[in-house]
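# Topology and contacts: notes
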Protein chains: 2
Amino acid sequence: MAQLIEQLISAVGKAAVITDPRDAAPYATDWRKRYFGKPLAVVKPGSTAEVAAVVRLCAASGTGIVPQGGNTGLCGGATPDAGGGQIVLKLSRLNRIRAIDPVNNTITVEAGCVLANLQQAAVAAGRLFPLSLAAEGSCEIGGNLSTNAGGTAVLRYGNARDLVLGLEVVLPDGQIWNGLRALRKDNTGYDLKQLFVGAEGTLGIITAAVLKLYPRPSARTTALVALASPAKALDFLSHMQDACGDRVTGFELMSAFCLLLVARHFPATRLPLKEDYPQYVLLELSDTASAENLDAALQGALAKAAERGLILDAAVAASGAQAAALWALRENIPEAQVLEGQQIKHDISVPISSIAEYIAVTGAELQRAFPGVRMVTFGHLGDGNLHYNIAPPEHADENAFMARASEVSRVVHDSAARFGGSISAEHGLGQYKREEILRYKSPLEMDLMRRIKAALDPQGIMNPGKVL
Amino acid sequence: MAQLIEQLISAVGKAAVITDPRDAAPYATDWRKRYFGKPLAVVKPGSTAEVAAVVRLCAASGTGIVPQGGNTGLCGGATPDAGGGQIVLKLSRLNRIRAIDPVNNTITVEAGCVLANLQQAAVAAGRLFPLSLAAEGSCEIGGNLSTNAGGTAVLRYGNARDLVLGLEVVLPDGQIWNGLRALRKDNTGYDLKQLFVGAEGTLGIITAAVLKLYPRPSARTTALVALASPAKALDFLSHMQDACGDRVTGFELMSAFCLLLVARHFPATRLPLKEDYPQYVLLELSDTASAENLDAALQGALAKAAERGLILDAAVAASGAQAAALWALRENIPEAQVLEGQQIKHDISVPISSIAEYIAVTGAELQRAFPGVRMVTFGHLGDGNLHYNIAPPEHADENAFMARASEVSRVVHDSAARFGGSISAEHGLGQYKREEILRYKSPLEMDLMRRIKAALDPQGIMNPGKVL
């Protein structure tokens, strides 16, 4: 151990190796404060070559490596175990934007680049990097790629996986794979990069990536739409996509109870509709063409939707400030939940067409098993992804309820599986759902994953105890 | 051998096992008639279970399996070797559309479904399946996925890879992996499906897929645009994307010489422009919104492009017939090449921003080495993908020129590599480029591919001698 520390220090410098447990503490705990690890050291290499040197030393000594970016993950994927034998490999110093090419619509960035900085670099070049999520001010692109992050722009631009053209990866033996291709088309063998995306650092360490950029939408329009039910919201989604195609960039479902929580805990909240309704959709359209055309398209589509009985009411933002106020309704839900008290949280997906039935069936099942529970149902309806969260009955004993979390989650996850869904739509498995997934994935698929793992990381040193 | 044939017959029926060499001949040769194999048998299973049974028999006897769909591939990837010991596994009988879900925007199809039939099923459901290529009347979706087909809609909708949500695969040991998920988001481990897409049947046999559908564009507009140079075409591409975003669905570059060949061999050809120009772009916009708005957007963008000096002239199709006539200019190029005589063909890609320089540098290098060669330069400029084909000098000895094909291709491919490009953008490797790729891919990347291959197909029975 002492020898490895010495070697790490000669590889990356004394300042880049943290061994004091007090200094290491921020890196040893996950964002939700559910996992508390004890690393041998936190190592902060400053270049891909230094990452490779660190990995070679760990490979030689059989030391487990836990890659970590902004440490904002929700499943403990970047937290070391408590054994004191693993190192945290912190990538934040690899934070350069290496190149930007507005004609090829690509940006080449290092893993430690904070997502918001990457977005800003794209804007400065007159382009859009569409990945957008709550943690964007501190999460890092290497982590976004390793967890295949989702967020609010998936409906139009896809998950993180869909934004990658090339990767640079330090492999578990310390070799550097330069797959930094900036090509839209390359059919010369297996698509290795997609193996590393979403692997949560279990197959290697992403150190840099070539990512897609897009034209910047010049027009945006936002509306809060009231509906009778999730089923109507589905019909409304199809209606909007038929009418406006890819202009539909945001389609977020929020139940009345979600907005009630927001209003309760953010007293300045004002809903721009006169009455209360059972369900709401936060709708955003964007386009490169004129704002007038976009507004006209939205108004026309809303009028037709009302005629067809799909929607009950709608308020279109008349200014950027009004649009921001509408988005705040959606964005304040997680914080309102925290202020309300403890809840059991989920991140499920089902086929979009099954969303309404999923909500109805699962809700009924939960009410039978846990009478009075309050459903905090919201999420990316356009992606089939719900944050299907469960609050205890009003005035119930919160701790007693939370003690039954695994029973509640079992109902939620089993139901998703029956609809052909996923128990982790955008958050990954990490250590949090590593056991849970064994219930839902076939032994054959687990075996295929293990064979891939063994082929690339035969020593098993890459992020041990995560994913599989 | 005789025993295996007996076993195959009991697994799939006598009518589904072809052993007579005359009957097997159509399956033993590739579409370009460059490879002539000699299979032990051609086996035509009628279901996934039968595919699995065939694979188990082959695995037990160590028999090589060559999966084949519509047999329209351009790199000999579906042609058996001449040793008489491999079976061709023909998937055409697995041709059902299993399900279509217009709300989820997905279609579930079997591998043998002809691409055009799949497109039509989508249309019947009011949706678009965007994959489109010259062979669509006979190619099959399993082959499209196994080769990660490109085509004319990649700019807007991506390659075949980008259209896949789930797969069903018969693995090299005959187990069936049911990965037929219809989810937009699923972060529960490695993205196994992307390994099989583009693997050209070397890792397993795709038997069914869940594919993405899109809203059907209701408006389309097509223009032939004249430009001074490929560099101007690049500027014009950026200009159009800034102005019209994803409405830009087709952007095909054609040199003056390409259109000269078309005019020479299709005498009815009429160019709708008054003068001759050095370069042309076939431009297509499409949208779900009104045709009037789309036409106005095109006219406005063309006027600005002319003002900015990006383009020299343009003709917008005023009817569907005119649009078809413009597309015929592009689509008749391959046939015009055949009528002109033999040519050395390529399928390269480079970063889009490097296309103009690639054309200039590579053309100059070829003229130095092979004076008088005629460049038939056309392709999917918006994807950075050129069919950079070379015709012999006028009146030269064609066979003497073709005998130097590998020298010519070396120049073309080395140049693409220097620009960070690919020697096979959309056609795959098959057996045609299997040796060639070793010059351009790093030994480390080849090693990673071989490790994956060994992990999934340790016996090496899946499409031996292809890709790697």
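Scroll up to find the structure this text is about.
To start, this report covers the structure provided alongside it. Bear in mind that the values here come from a model prediction, so they are computed numbers and not experimental data.

### A few points about the packing of aromatic side chains
All names here are of chain A.
- Applying the stated criterion across every chain, the model contains twelve aromatic pairs over all chains.
- A ring pair is formed by F236 and F251, whose centres lie 5.7 Å apart and whose planes are at 45°; its orientation type is tilted. Separated by 15 residues along the polypeptide, F236 in helix α8 (residues 230–244) and F251 in strand β13 (residues 248–255) bring together distant segments of the chain. Each of the two residues, F236 as well as F251, counts as buried.
- Among the aromatic side chains, those forming a connected cluster through ring pairs are Y358, Y388 and F419.
- One residue, R34, lies across the ring of Y432, its end atom 3.9 Å from the ring centre.
- When the ring centre of Y157 is taken as reference, the NZ or CZ atom of R156 above it lies at 4.1 Å.

### Describing helix α12 (residues 333–340) of chain B
All names here are of chain B.
- Turning to α12, its buried residues are I333, A336, Q337 and E340. On an axial view of α12, the arc spanned by its buried residues comes to 105°, and they lie on one face.
- As for α12, its buried residues are in contact with β13 (248–255), α9 (256–265), α11 (320–331), β17 (374–380), β18 (385–391) and α14 (398–402).

### Overview of the relation of the copies chain A and chain B
- Between chain A and chain B, the superposition needs a rotation of 180° and an axial shift of 0.0 Å, giving an RMSD of 0.0 Å. Those values place the two copies in the arrangement expected of a two-fold rotation axis.
- Here 100% of the interface residues in chain A have copies in chain B that are interface residues too; the copies meet face to matching face.

### What about the sheet that holds strand β6 (residues 106–110) of chain A?
All names here are of chain A.
- Read across the open sheet, the five strands follow the order β5-β6-β10-β8-β9; overall the sheet is antiparallel. Edge positions in the sheet fall to β5 (97–101) and β9 (176–179), since each of these pairs with one other strand and no more. On average, each strand axis in the sheet is inclined to that of its neighbour by 10°, with strand direction left out of account.
- Where β5 and β6 come together, four bridges link them in antiparallel fashion. Each residue of the ladder has a partner; that of D101, found in β6, is T106.
- In the packing of helix α4 (residues 115–124) onto the sheet, the strands contacted are β5, β6 and β10 (205–212), and the crossing angle to β5 comes to about 35°.

### Details of the packing of helix α8 (residues 230–244) of chain B against helix α13 (residues 355–369) of chain B
Residues and elements named next belong to chain B.
- The N-to-C vectors of α8 and α13 enclose an angle of 170°; their axes lie 8 Å apart at closest approach. Between α8 and α13, the angle is such that the two are roughly antiparallel. Residues P230, A231 and L234 of α8 form the contact with α13, whose own contacting residues are I355, A356 and I359.
- Tallied by class, the residues present in the contact of α8 with α13 amount to six nonpolar, no polar and no charged.

Reading guide: rules and limits
- Residues numbered from 1 in each chain as written.
- Chains lettered and ligands numbered in written order.
- Predicted model: local features only at pLDDT ≥ 70, side-chain atom pairs only at ≥ 80, totals over all residues.
- Heavy atoms only, no water.
- Phe/Tyr/Trp six-rings, centres within 6.5 Å; stacked < 30°, edge-to-face > 60°.
- Helix = DSSP H or I, 4+ residues; strand = E, 2+ residues; numbered from the N terminus.
- Buried < 20%, exposed > 50% of the residue type's maximum accessible area, 1.4 Å probe, protein only.
- Lys NZ or Arg CZ within 6 Å of the ring centre and 35° of its normal.
- Arc of directions from axis to C-beta.
- Contact = heavy atoms within 4.5 Å.
- Least-squares fit on C-alpha atoms with pLDDT ≥ 70 in both.
- Pairing = 2+ DSSP bridges.
- Axes fitted to C-alpha atoms, helices over the stretch in contact; angles between N-to-C directions.
- Parallel < 35°, antiparallel > 145°, perpendicular 65-115°, else oblique.
- Nonpolar A, V, L, I, M, F, W, Y, C, P; charged D, E, K, R; others polar.

Worth remembering: the numbers are spatial, not functional.
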